[in-house]
Amino acid sequence: MTDTPSSLPAVPAAVAGLVSAGAALAAAEAVGALVSRPAATPLQAVGAGVIDLVPLPLKQFAVDTFGTADKPVLLGGIAVLLACAAVLIGIASVRRRAAAIAGTALFTAAGLTAALTRPDAGPLDALPTLAGAAAFAAVLALLTRTPAPTGGDGRGGFDRRRFVLLAGTAAAASAAVAAGARLVPAGRGGLAPADVTLPVPGDRAAPLPDGIDLEIDGLAPHFTPAADFYRIDTALSVPRIDATAWSLRIHGLGVRDELVLTYDDLLGHPDLRERDITLACVSNPVGGGYIGNARWTGVPLASLLAQAGVRSPADGGPADQLVSRSEDGMTLGTPVADAMDGRDAMLAVGMNGRPLPREHGFPVRMVVPGLYGYVSACKWIVDIELTTFDSFDAYWVPRGWAARGPVKTQSRIDTPREGADLPPGPTTVAGVAWAQHTGIDRVEVSIDGGPWTEAGLAPEGTADTWRQWVLEWDAEPGGHRIAVRATDRAGRTQTPDQAPPAPDGATGHHTVTVTVA
Ligand SMILES: Nc1nc2c(c(=O)[nH]1)N[C@H]1C(S)=C(S)[C@@H](COP(=O)(O)O)O[C@H]1N2
Ligand SMILES: [Mo]
């Protein structure tokens, strides 16, 4: 029995395209898992490429619209595009073979380009896409050829039963392969967060003053549990690093003794310490949730830089920018002066007393009090290079964000919520305010544009952490607008002028409107 190109009708041809695309994705995922490069599967790699390429306004739109669900939405969008293309290629494969081959080649080339141009790409990263392309071509050929009828007109007839059976089997096999790929232990095995016991550092965090948590319903707790901590990064799949294989190199301009540090070097470091630091994202809109407070365990960056012989620009050092690089190729630029001015800048190995979760940078990340995350808080860090702001732009800078990103003093109303319906009478208004590395001096609330009334402040943890505030308000029936503003200990009071997050952090007063019955 020989196979000949068929007269497959359009609908089964389209189905054949879809099933073949499913087989391609499954094969790519399986090979990606087997070579421990899940980020190199075509879907992930193209998604990562899109993330790097989209212009700032579009990215801001995506974050504003989808929040931290922007990644699933992006992957879903690419999958829909891929499905449409697969349908077209399926139909073309029985009418215009050349077009089908060209289409397949185009998608293979796009997948290969995306996978091989990732900043952390290696030659193995071609394999998932190549496996996907091979699976696509093989399944499509299988489904679109029909057996030649014995003694017929030489054209293969469409055998519906056979097609349904083949397509069903191919789809089921793809699903099984994709499910199997999920079972392959991700990463290269090795030391994972669950395997690590953090040493208790000699230098503990400052004791918490009584009453630091006002324990008001709806108010963010002083410490943000890791599971509730916002996550912002460009990583479509969370890097899975084996901590025993991890190392960090400190090198570059003005480095006297290059340093290569292992995970054990950090865990056993004599300066290991705990510090409470509130981390904020520059993309946080006024009133937003891209901010969290944690107890970090880590080694002071200043100790390590001093060990490498780095001098701060204040002491005549030639480098003014510290560029950290992550395992997935992100770069962040931090002022050397800030890392060495005595603040608790650190390479953190722990978050809230546990090893860093993978989502938050396992095994090691940077944290610098007073700087937005995009200029300081490198997760999955593997390299620190001393350089200058003049000679290198970190990842976000050509994408429209400021090279320097000190945190702006801000405050937020957590309760009541925007749009709340309240009974009249005594009402608790409460929230948080932050001015990391400076400290909060005063928080004031204004109702309906009236005078600013000073709120009560919870005792301060440290100048590096946010501070809760509360005001009892006698709510009278009607609609009301509650606004808040903070003043830091440098005497800066939040401006009422509204500015968007880009390029260097949103400004304006957080305001909520409520209705009192
Ligand atoms: N490797 C890497 N590190 C990164 C980022 C990233 O995209 N990749 N994003 C930064 C940004 S913009 C912020 S605000 C913080 C967020 O840290 P979190 O996700 O632990 O809250 O991580 C920073 N570190
Ligand atoms: Mo950020």
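Keep in mind it's a predicted model, so treat the numbers as computed, not measured. (Residues numbered from 1 in each chain as written. Chains lettered and ligands numbered in written order. Predicted model: local features only at pLDDT ≥ 70, side-chain atom pairs only at ≥ 80, totals over all residues. Heavy atoms only, no water.)

### Focus on the overall build of the protein
Rule in force here: Helix and strand assignments come from DSSP, with helices taken as H or I runs of at least 4 residues and strands as E runs of at least 2, each series counted from the N terminus. Relative accessibility under 20% of the residue-type maximum defines a buried residue, over 50% an exposed one, and the middle range a partly exposed one, all with a 1.4 Å probe and only protein chains included. Any pair of residues with heavy atoms lying within 4.5 Å of one another is described as a contacting pair. Shrake-Rupley sampling with a 1.4 Å probe provides the accessible areas, and residues are treated as covered by the protein chains on show and by no other component. In this tally, Lys and Arg are treated as positive and Asp and Glu as negative; His is ignored, and so are the chain termini. Charge positions come from single atoms, namely NZ of Lys, CZ of Arg, CG of Asp or CD of Glu.
The number of helices and strands found in the protein is ten helices and 21 strands. The C-alpha extent of the protein, read off along each of the three principal axes, is 95 × 65 × 40 Å. Scored against the burial criterion, the 517 residues of the protein give a buried share of 50%. Taking the intrachain contacts of the protein between residues at least 6 apart in sequence as the baseline, contacts between residues at least 24 apart amount to 75%. Looking at the protein as shown, the accessible area adds up to about 22400 Å², and 60% of this sits on carbon and sulfur atoms. Mean positive and mean negative side-chain charge positions of the protein (40 and 52 charges, respectively) differ by 10 Å.

### Focus on the site of ligand 1
Selection rule: When we say a residue is near a molecule or strand, we mean one of its heavy atoms is within 4 Å of it. Polar contacts, as counted here, are pairs of nitrogen or oxygen atoms within 3.5 Å of one another; within protein the pair requires one atom able to donate a hydrogen and one able to accept it, and residues that are adjacent in sequence qualify only if both atoms are side-chain atoms. Polarity classes work like this: nonpolar for Ala, Val, Leu, Ile, Met, Phe, Trp, Tyr, Cys and Pro, charged for Asp, Glu, Lys and Arg, and polar for all others, with Gly in that last group.
Neighbouring ligand 1 are 19 residues; Y230, T234, H360, R365 and K379 lie closest to it. H360 is positioned such that a nitrogen or oxygen atom in its side chain is 2.6 Å from an oxygen atom of ligand 1. Within the side chain of K379, one N or O atom sits 2.5 Å away from an oxygen atom of ligand 1. Out of a free accessible area of 530 Å², ligand 1 has 99% covered by protein chains. In terms of residue class, the shell around ligand 1 is built from ten nonpolar, four polar and five charged.

### Thoughts on the pairing of strand β19 (residues 467-475)
Formally: Two strands are said to pair when DSSP picks up at least two bridges between them.
Sheet topology note: the strand β15 (residues 425-434)/β19 ladder contains nine bridges and is antiparallel. In the sheet register, A430 faces β19, and the bridge partner there is V470. Note: strand β18 (residues 456-457) against β19, two bridges, orientation antiparallel. By the bridge assignment, L457 is partnered in β19 with W469.

### Some thoughts on the sheet that holds strand β3 (residues 247-252)
To keep things clear, this is the line we draw: Between N-to-C directions, angles cover 0 to 180 degrees, with each direction set by a line fitted to C-alpha atoms, over the stretch in contact for helices.
Pairing in this open sheet of five strands is mixed, and the strands run β4-β3-β12-β7-β8 from one edge to the other. Each edge of the open sheet is held by one strand with a lone partner, namely β4 (259-262) and β8 (331-335). Geometrically, the sheet is characterised by an average inter-axis angle of 20 degrees between neighbouring strands, direction not taken into account. In terms of strand pairing, strand β7 (residues 321-326) meets β8 through five bridges, oriented antiparallel. Bridge pairing in β8 links S324 to L332.

### Focus: the UniProt feature "transmembrane region" (unreviewed entry) in the protein
What counts is decided by this rule: UniProt positions are given in the numbering used here, feature names are shortened, and annotations may be inferred rather than shown by experiment.
The sites that UniProt annotates as "transmembrane region" (unreviewed entry) are residues 73-91, 98-117, 123-143 and 163-184. When the span residues 73-91 is considered, its composition is 100% helix and 0% strand, and the gap between its end C-alpha atoms is 27 Å. As a span, residues 163-184 carries 95% helix and 0% strand, and end to end its C-alpha atoms are 32 Å apart.

### Brief notes about the side chain of E444
Here E444 lies in strand β16 (residues 440-447). If we ignore the near neighbours within four places in the chain, the residues touching E444 are W452, T453, E454, A455, A483, V484, R485 and T487.

### Let's talk about the pattern of salt bridges
Pairing is possible between side chains of opposite charge, provided their charged atoms come close. Threshold: Salt bridges are defined as contacts in which a side-chain nitrogen from Lys or Arg sits within 4 Å of a carboxyl oxygen from Asp or Glu.
Tallied over the full model, the rule gives 26 salt bridges. One salt bridge connects D504 with K408, and the closest N-O pair in it is separated by 2.9 Å. Here K408 lies in the loop between β12 (381-387) and β13 (410-415) and D504 lies in the loop between β20 (478-488) and β21 (510-516), a separation of 96 residues in the sequence. One network of salt bridges, with partners in common, ties together K71, R231, D233 and K379.

### Here's the deal with the environment of V286
Inspection of the secondary structure puts V286 in the loop between β5 (273-280) and β6 (291-300). On the basis of relative accessible area, V286 is assigned to the partly exposed category, the value being 23%. When the C-alpha positions of V286 and A62 are compared, they lie 17 Å apart, and in sequence the two are 224 residues distant. Excluding its chain neighbours within four sequence positions, the residues that come into contact with V286 are Q410, A506, T507, G508, H509 and H510.

### Some thoughts on a nonpolar patch on the surface
The cut-off we apply is this: Patch definition: residues with relative accessible area over 30% and no salt bridge; like charges joined within 9 Å; nonpolar side chains (Val, Leu, Ile, Met, Phe, Trp, Tyr) joined within 5 Å.
Taken together, the side chains of L58, F61, F66 and V73 present a nonpolar region at the surface, about 350 Å² in accessible area. Sort the elements by how many residues they give to the nonpolar patch and helix α3 (residues 56-66) lands first, with three residues. Positionally, L58 belongs in helix α3.

### As for the packing of aromatic side chains
The description of an aromatic ring pair uses the distance of the two centres, along with the angle that the planes make with each other. Convention followed: To pair, rings of Phe, Tyr and Trp, with the six-membered ring standing in for Trp, must have centres within 6.5 Å; the planes then decide the type, stacked if under 30 degrees apart, edge-to-face if over 60, and tilted in the middle. For a lysine, the NZ atom is tested; for an arginine, the CZ atom; a charge sits over a ring if that atom is within 6 Å of the ring centre and within 35 degrees of the ring normal.
Tallied over the entire structure, the rule returns seven aromatic pairs. On the numbers, 6.0 Å between centres and 70 degrees between planes, the contact of Y263 with F362 is edge-to-face. Taken together, the residues span a long stretch of sequence, with Y263 in helix α8 (residues 263-267) and F362 in the loop between β10 (354-355) and β11 (365-367) at a distance of 99 residues. Taken together, F229, Y230, Y290 and W296 form an aromatic cluster joined through their ring pairs. Taking the ring centre of Y395 as reference, the NZ or CZ of R399 above it sits at 3.7 Å.

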